[in-house]
Amino acid sequence: MVNYVPSPEEVAAAQSPNGGWSKKQLAEWSIPWPPPKEWRAYLKAKWEGEDVAPLPRDEPDQDALF
């Protein structure tokens, strides 16, 4: 399955007036919620054709759920 990778200009254009990106928009780019640090650099590197490792997912600590 090939995911669409936006250009850095597209990422900047999708930014809301408040300075963020919606959960829906990030999901379209295969970015997990909440977005990890460096997600924009990851997309840029991927767009430039670099071989990048998957982004880490910030999973909540299970102890905090109980």
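To keep things clear, this report deals only with the structure shown in the data block. (Residues numbered from 1 in each chain as written. Predicted model: local features only at pLDDT ≥ 70, side-chain atom pairs only at ≥ 80, totals over all residues. Heavy atoms only, no water.)

## Observations concerning the nonpolar core
- The biggest cluster of nonpolar side chains holds 9 residues, and these are Val-11, Trp-21, Leu-26, Trp-29, Ile-31, Trp-39, Tyr-42, Leu-43 and Leu-55.
- The element that contributes the greatest number of residues to this core is helix α3 (residues 39-47), accounting for 3 residues.
- Sequence-distant contacts of Trp-21, that is, excluding residues within four places in its chain, are made with Val-11, Ala-14, Gln-15, Leu-26, Trp-29, Trp-33, Trp-39 and Arg-40. (Core = buried A, V, L, I, M, F, W, Y, C linked by side-chain atoms within 4.5 Å. Buried < 20%, exposed > 50% of the residue type's maximum accessible area, 1.4 Å probe, protein only. Helix = DSSP H or I, 4+ residues; strand = E, 2+ residues; numbered from the N terminus. Contact = heavy atoms within 4.5 Å.)

## Quick word on the packing of aromatic side chains
- Counted according to the given criterion, the structure contains 2 aromatic pairs.
- On the basis of an interplanar angle of 85 degrees and a centroid distance of 4.9 Å, the ring pair of Trp-21 and Trp-39 is categorised as edge-to-face. Taken together, the residues span a long stretch of sequence, with Trp-21 in the loop between α1 (8-13) and α2 (23-28) and Trp-39 in helix α3 at a distance of 18 residues.
- For Trp-39, a relative accessible area of 8% corresponds to the buried category.
- Connected via pairs of aromatic rings, a cluster forms that spans Trp-21, Trp-29 and Trp-39. (Phe/Tyr/Trp six-rings, centres within 6.5 Å; stacked < 30°, edge-to-face > 60°.)

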